[in-house]
Amino acid sequence: MASLSAAISHSSSHVALAHNTKPKKIHQSQCRTLPLPHRSPICRLGSVSQGGSKESSNTRVFTSVKGVLLDESAEKVQLPKGDTWSVHKFGGTCVGSAERIKSVGNIILNDDSERKLVVVSAMSKVTDMMYDLINRAQSRDESYIAALDAVLEKHRSTALDLLDGDDLGSFLSQLHHDVNNLKAMLRAIYIAGHATESFTDFVVGHGELWSAQMLSAVVRKNGINCKWMDTREVLIVNPTSANQVDPDYLESEKRLENWYSKNPSQIIIATGFIASTPQNIPTTLKRDGSDFSAAIMGALCRAGQVTIWTDVDGVYSADPRKVNEAVILKTLSYQEAWEMSYFGANVLHPRTIIPVMRYNIPIIIRNIFNLSTPGTKICHPLVSDKEENQTVESLVKGFATIDNLALVNVEGTGMAGVPGTAHAIFGAVKDVGANVIMISQASSEHSVCFAVPEKEVKAVAEALKSRFRQALDAGRLSQVAIISNCSILAAVGQKMASTPGVSATLFSALAKANINVRAIAQGCSEFNITVVVKREDCIKALKAVHSRFYLSRTTIAVGIIGPGLIGSTLLEQLKDQAAVLKEEFNIDLRVMGITGSRTMLLSESGIDLSSWKELQKEKGEAADLQKFVQHVHGNHFIPNTVLVDCTADSAIASHYYDWLRKGIHVITPNKKANSGPLDQYLKLRALQRQSYTHYFYEATVGAGLPIISTLRGLLETGDKILQIEGIFSGTLSYIFNNFMGKVAFSEVVTKAKQAGFTEPDPRDDLSGADVRRKVIILARESGLKLELSDIPEKSLVPESLRASASAEEFMQKLPQFDQEMSKKLQDAEDAGEVLRYVGVVDVVKQKGVVELRRYKKDHPFAQLSGSDNIIAFTTKRYQKQPLIVRGPGAGAQVTAGGIFSDILRLASYLGAPS
């Protein structure tokens, strides 16, 4: 490959970049020829014709450094410093078109500051286009010529829309002159097949030169004195080994004062991104260079403030693309902005903050497309911000994440107390050029864990295994383990320092969202707490902690299984209450799926509950429980998932354990799980107790009545349950409340069936099976280890009718047995009593009973009406006068209400305000 210097030797032309130490007065339309120092690596740069022949040695290639120099005899003007200066920075999006450049001009003119210094980036996409020119040329792709023509046309058409007269002619002349020079330089790169960093920096910096010239001309059109500054004449930086630069503030300040003495103006339009080395070689400020330029210029002028104009309303508490409820932060301290930007937040590069921080100059982040918003102010904390009555929630300012990381864990007993181990580990990491994002080490020194970009982890692992081969073989180190697919979540806040409860709140929120934390780091400054989680859990974790600290809506993904009578009633209640829950209680319940036995309806953002039946007909698909669960739980934008089982299906209940183990909350009125095999029930409850996953089943016993919660409250407060006795069936309550006098038993059952109080086959109610299941649930909640078979069956269905082929046949034959039931009723009435079908949990005798009993007419059980349930708790505290819970125990509305209550209880546990 021909070297670049060999290619350039074909031309005797020169690019002049250094400052003329003795400038002479020249006409404004002329360019200055600035001889380079002898040792400049680009001092021999020349132009090569398309044919490769050497041009005349008198031909010179000029940079676009252009300005008006004052006569040396003129009186030197001093640079005023202080808060009379206001610095603005406009990024590429802000100056992306002629219309936007005009808007920028209006913002500058409307700023009533005494002096304004405006830093501009290249037009949107232009810097990328310039880098593309370099890449094409050094790849020897002749399309670089057409690509350069596109750059020319972009700026030419913009200038035609913005400028006129002499300003237009002068700019276009300079533009064509610069483009011709770039063609010559790119030709040299094309021949050499390589571009040095200095050549690259020189080429890509032209976008800023052109946008600064156009903006200054726009301001001058309004009759305002305005000068543009090529900051390569002013900003001096020293390149470092880390692909960054360190500003030379002393030299830059001298050059700024010198520049201003020759170009005094109340408005200065300066180029961002570009600067020069101490040898006057063009360079750039690297990543986020224009923001850095603005901060440096603000520091050099001791400006009152630096405003960074962008396309967002300010700094958000979290990435709004991941957290819809993210809010704009009114203020941030320098340290908070520093921490958030390091951890990937779209704020500022950390080095941007350093120059202004030295002089306590605030930075304002504002949206050029939404001037009505004040933006975010980054400054030292105000005195008023240091109040003592801060809540835990207000201490964390924001959350940021970094994806695509891997954890490297080096562990072994041979590390403990051995000096130099950490030095050896990170020395090996440095040798492969990997960037360590986070470090965590236990005080036992048994292991060192650190995070690196995933693309670098293979090289890191190989380097460590090579470096510690002997220690690994000898067993002093047990392993160098890699955990891939990780993300970092950082909570940032200056007021977190020395405040108890912040970490507890953070980890509690993660635990409740079933997020496993793989590593933790917190510096002694306590400005941030960093945790490492699985990549697939990152957004879920971010939403969970943001919701907890910012009181944004507690969002729960809901899956409804069984949209029958109970399920459809619940959906109706959810629809009616959704708006109130959002506005008043910050609870957002998103029904992500509804499934029956044949059809299911899925949604990515939440089903419109006002038309779910129609949607199910139009967009429903074949029911697939596994796919349904995966869909509802797989939405990473919602941190919490609950499945609501409104069926009476034991096959659905058999999945509860797996769902809970996956971090899915379960709410159900289905009695099958809690009244099924004892070992499965105990396994389910054990899992629930050892995790933050919730399993609520209030509606399994008393529909909407607080039976389970009352029992738990008594037990948790230390009371001892002696007996629970109750009328648990709304159907049987209705039947025996109306079975009196001369009315036949079969007639009462028929009326109950017609009124909808019974199952389609009344034998399901009369068998007492439902009451047995409720009794076994309460017995197990009370601590008794009983199986369903331990409770004798006392069915009201005559034995000869239990095998009837259909419900109709049963109802036809039931009157044949009315005499038997009438005899029992008469005997009870003769004794001044009533008949009631009850369930009893006798904790003292450790048994359960279901049977038809007689009660005195003044007994609370005799006072019922309709389908009410009643449950009496006899306890050590409530021994003489049992604690009684009474109310409707059947019906779709109250059962759905009980389920709804459990959903809201879950929301409260997950962080919603109670």
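About the thresholds
As a convention, each chain's residues are numbered from 1 in the sequence order in which they are written. Owing to the predicted nature of the model, reporting of local features is limited to residues with pLDDT of at least 70; listing and counting of side-chain atom pairs is limited to 80 or more, with chain, interface and lining totals taken over all residues. Side-chain numbers come from the whole structure's heavy atoms, not from hydrogens or water. UniProt positions are given in the numbering used here, feature names are shortened, and annotations may be inferred rather than shown by experiment. Every helix listed is a DSSP run of H or I at least four residues long, and every strand listed is a run of E at least two residues long, numbered separately from the N terminus. The buried label applies to any residue whose accessible area, calculated with a 1.4 Å probe on protein chains only, is under 20% of its type's maximum; exposed applies above 50%, and partly exposed to all values in between. Throughout, a residue-residue contact means that at least one pair of heavy atoms, one from each residue, lies within 4.5 Å. What sets the accessible areas is the Shrake-Rupley method with a 1.4 Å probe; for residues, cover comes only from the shown protein chains. Stacked, tilted and edge-to-face are the three classes assigned to paired rings of Phe, Tyr and Trp, where Trp is represented by its six-membered ring and a pair needs centres within 6.5 Å; plane angles under 30 degrees give stacked, over 60 edge-to-face, the rest tilted. The criterion for a charge sitting over a ring is simple: Lys NZ or Arg CZ within 6 Å of the ring centre, and within 35 degrees of the ring normal. Using a grid of 1 Å spacing that covers the protein atoms alone, one calls a set of points a cavity when a 1.4 Å probe fits there but cannot get out, and a pocket when the set is open and has protein on both sides within 12 Å along at least five of seven lines; lining residues are those with an atom within 4 Å of a point. Grid points are joined across faces, edges and corners, and a volume is the space filled by probe spheres set on the points. Side-chain classes are defined by residue name, with Ala, Val, Leu, Ile, Met, Phe, Trp, Tyr, Cys and Pro counting as nonpolar, Asp, Glu, Lys and Arg as charged, and the others, Gly among them, as polar. Nonpolar cores were defined as sets of buried Ala, Val, Leu, Ile, Met, Phe, Trp, Tyr and Cys residues, with membership established by side-chain atoms within 4.5 Å. Here, any two strands with at least 2 DSSP bridges between them count as paired. For helices, the fitted line uses only the C-alpha atoms of the stretch in contact; every axis is such a line through C-alpha atoms, and the angle between N-to-C directions lies from 0 to 180 degrees. Helix span, expected: 1.5 Å multiplied by one less than the number of residues in the helix. We call a crossover right-handed when, viewed with both strands directed away from the observer, the connection leading from the first strand over the helix to the second proceeds clockwise. For this text, the term disulfide refers to a pair of cysteine sulfurs within 2.5 Å. Here, a salt bridge means any side-chain nitrogen of Lys or Arg that lies within 4 Å of a carboxyl oxygen of Asp or Glu. These descriptions rest on fixed angle ranges, namely under 35 degrees for roughly parallel, over 145 for roughly antiparallel, 65 to 115 for roughly perpendicular, and the rest for oblique. In this scheme, a crossing is called left-handed if the near helix is turned counterclockwise away from the far one by less than a right angle; it is called right-handed if the turn is clockwise.

Looking at an unreviewed UniProt entry, one finds the protein chain named ACT domain-containing protein, with Lithocarpus litseifolius as its source organism. Turning to the protein chain, the UniProt record has this under Cofactor (unreviewed entry): "a metal cation".

Asker: Would you mind showing me how to read the overall build of the protein chain here?
Answerer: Check the secondary structure of the protein chain and you find 33 helices and 32 strands. Looking at the protein chain residue by residue over its 914 residues, the buried ones come to 54%. For the protein chain, long-range pairs separated by at least 24 residues make up 73% of all intrachain contacts whose partners lie at least 6 apart in sequence. Element-wise, carbon and sulfur atoms account for 48% of the exposed surface of the protein chain, whose accessible area totals about 40000 Å².

Asker: Looking at this model, I keep getting lost on the packing of aromatic side chains. Mind explaining?
Answerer: What describes a pair of aromatic rings is the distance from one ring centre to the other and the angle between the planes of the rings. Under the defined criterion, the tally for this structure stands at 14 aromatic pairs. Between the aromatic rings of phenylalanine 736 and phenylalanine 745, the centroid separation amounts to 6.0 Å while the plane-to-plane angle is 40 degrees, which identifies the pairing as tilted. The residues phenylalanine 736 and phenylalanine 745 share a single accessibility class, namely buried. Over the ring of tyrosine 249 we find arginine 358, and its NZ or CZ is 4.5 Å from the ring centre.

Asker: Could you clarify how one ought to interpret the layout of surface pockets in this entry?
Answerer: The gaps left among the atoms become clear once a water-sized probe is rolled over them. Counted as a void, the second largest pocket has a volume near 1000 Å³. Taken together, 36 residues line the second largest pocket, and the ones lying closest to its centre are Ile566, Lys671, Glu759, Asp770 and Thr895. Elements that contribute at least two residues to the lining of the second largest pocket include exactly helix H18 (565-585), helix H25 (699-702), helix H27 (730-738), helix H29 (763-766), helix H30 (769-781) and helix H33 (892-909). Looking at the lining of the second largest pocket, the element that brings in the most residues is H30, giving four residues. Taken together, the residues that form the lining of the second largest pocket break down as 13 nonpolar, 15 polar and eight charged.

Asker: Would you explain the nonpolar core in this entry?
Answerer: One finds Tyr656, Trp659, Ile724, Ile735, Phe736, Leu766 and Leu778 to be the most contacted residues of the largest nonpolar core, which totals 68 residues. For this core, the element with the most residues is H30, which contributes six residues. Look past the residues within four positions of tryptophan 659 in its chain and what remains in contact with it is Ile561, Leu625, Val629, Leu643, Ile652, Ile664 and Val666. If you look at the next biggest cluster of nonpolar residues, it comprises 56 residues, including Cys94, Tyr190, Phe202 and Val203.

Asker: Please clarify how the sheet that holds strand S11 (residues 305-310) should be interpreted in this entry.
Answerer: One key point about sheets: their strands pair by backbone hydrogen bonds, in either a parallel or an antiparallel sense. Taken in spatial order, the eight strands make up an open sheet running S5-S8-S4-S3-S11-S13-S14-S12, and their pairing is mixed. Two strands in the sheet have a free side with no partner beyond their single neighbour: strand S5 (226-229) and strand S12 (331-333). Averaged over neighbouring strand pairs, the angle between their axes works out to 20 degrees when direction is ignored. Looking at chain direction, S11 and strand S13 (residues 363-367) are connected through five bridges and run parallel. Looking at S13, one finds that tryptophan 309 is bridged to arginine 366. Strands in contact with helix H10 (residues 334-342) are S12 and strand S14 (376-379); relative to S12, the strand with the most contacts, it is inclined by about 85 degrees.

Asker: How should helix H5 (residues 165-192) be read in this particular structure?
Answerer: Within an α-helix, residues lying three or four positions from one another point in the same direction, as the helix has 3.6 residues per turn. Under the 1.5 Å per step criterion, the end-to-end length of H5 is 41 Å for 28 residues, consistent within 8% with the ideal 40 Å. Following H5 by one or two positions, glycine 193 has its phi on the positive side, about 70 degrees.

Asker: What should I look at first to understand empty space enclosed by the protein in this one?
Answerer: Inspection of every chain in the model, using the stated rule, returns three cavities of 30 Å³ or more. The space that makes up the largest cavity amounts to roughly 80 Å³. Around the largest cavity, the lining residues are Ala509, Lys512, Ala513, Ala544, Ser547, Arg548, Thr554, Thr555, Pro639, Asn640 and Leu910. Taken together, the elements giving at least two residues each to the lining of the largest cavity come down to helix H16 (502-512), helix H17 (538-550) and strand S21 (554-561). The element contributing the most residues to the lining of the largest cavity is H17, with three residues. Here the lining of the largest cavity is composed, by residue class, of five nonpolar, four polar and two charged.

Asker: I keep staring at the pairing of strand S4 (residues 115-120) and nothing clicks. Help me out?
Answerer: For a regular strand, side-chain orientation follows a simple rule: the groups alternate between the two sheet faces. Most of S4 sits out of view: six of its six residues are buried. Residues Arg115, Leu117 and Val119 of S4 are buried on one face, and the alternating residues Lys116, Val118 and Val120, pointing to the opposite face, are buried as well. For strand S3 (residues 85-90) and S4, the ladder comprises six bridges, and the chain directions are parallel. When the bridges of S4 are listed, serine 86 appears paired with lysine 116. In this fold, S3 hands off to helix H2 (residues 98-110), which returns the chain to S4; that crossover is right-handed.

Asker: Explain the side chain of threonine 569 to me, please; I cannot follow it from the model alone.
Answerer: Residue placement: threonine 569 occurs in helix H18. Here threonine 569 falls in the buried class, since its relative accessible area comes to 10%.

Asker: How do you make sense of the pairing of S3 when you look at a structure like this?
Answerer: Counting buried positions along S3 gives six out of six residues, so the element sits mostly inside the fold. As paired elements, S3 and S11 share five bridges and run parallel to each other. Paired with lysine 89 across the strands is isoleucine 308, a residue of S11.

Asker: In this structure, what is going on with H2? I would like to understand it.
Answerer: The end-to-end C-alpha distance of H2, which contains 13 residues, comes to 19 Å, matching closely the 18 Å that a straight helix rising 1.5 Å per residue would cover. Of the positions making up H2, those classed as buried are Ala98, Ile101, Val104, Gly105, Ile107 and Ile108. Where H2 is buried, its residues meet S3, S4, helix H4 (144-162), helix H7 (206-220), strand S8 (267-271) and S11.

Asker: For this particular structure, what's the right way to read unusual backbone geometry?
Answerer: Negative phi is the rule for most residues except glycine; trans is the rule for most peptide bonds. Phi angles above zero are rare outside glycine, and asparagine 404 is one such case at about 55 degrees. Despite not being glycine, alanine 703 shows a phi value in the positive range, around 55 degrees. Locating alanine 703 in the fold gives a position in the loop between H25 and helix H26 (707-716).

Asker: For this particular structure, what's the right way to read the state of the cysteines?
Answerer: Each disulfide consists of one covalent bond between the sulfur atoms belonging to two cysteines. Applying the stated rule across the entire model yields zero disulfides. The cysteine cysteine 449 is free of any disulfide, with cysteine 486 supplying the nearest cysteine sulfur at 8.4 Å.

Asker: Can you walk me through the sheet that holds S21 in this structure?
Answerer: Strand order in the open sheet formed by seven strands is S24-S23-S22-S21-S25-S26-S27, and the pairing between neighbours is mixed. Two strands close off the open sheet at either side, each with one partner strand: strand S24 (621-622) and strand S27 (695-696). Bridge count between strand S25 (residues 640-645) and strand S26 (residues 665-667): three bridges; the pairing is parallel. When the sheet's bridge partners are listed, valine 644 is paired in S26 with isoleucine 667.

Asker: Sorry if this is basic, but what is going on with the environment of alanine 703 here?
Answerer: Accessibility expressed as a relative area gives 5% for alanine 703, which makes it buried. Each C-alpha atom, one on alanine 703 and one on glycine 730, is 9.4 Å from the other, the two residues being 27 residues apart in sequence. Dropping the residues within four chain positions of it, alanine 703 is found in contact with Glu698, Gly889, Ala890, Val894, Thr895 and Gly898.

Asker: Mind showing me how you'd approach the pattern of salt bridges here?
Answerer: A side chain of one charge can pair with a side chain of the opposite charge if their charged atoms are brought near each other. This model, assessed by the stated rule, comprises 41 salt bridges. Between lysine 89 and aspartate 291 there is a salt bridge, with its nearest N and O atoms 2.9 Å apart. Of the two residues, lysine 89 is situated in strand S3 and aspartate 291 in helix H9 (residues 289-301); the sequence distance between them amounts to 202 residues. This pair shows no difference in class: lysine 89 is buried, exactly as aspartate 291 is. Residues joined in a network through salt bridges with shared partners are Lys81, Glu253, Glu257 and Arg302.

Asker: When you look at the packing of helix H3 (residues 126-138) against H5 in this model, what are you seeing that I'm missing?
Answerer: Helix packing geometry: the angle between the two helix axes and the distance between the axes. Running from amino to carboxyl end, H3 crosses H5 at an angle of 40 degrees, the nearest separation of the two axes being 7 Å. In this view, H3 runs oblique relative to H5, as classed from their interaxial angle. Of the two elements, H3 crosses H5, and the hand of that crossing is right-handed. Here Met130, Leu133, Ile134, Ala137 and Gln138 of H3 lie close against H5, whose contacting residues are Leu182, Leu186, Ile189 and Tyr190. Of the residues belonging to the contact of H3 with H5, the class tally is eight nonpolar, one polar and no charged.

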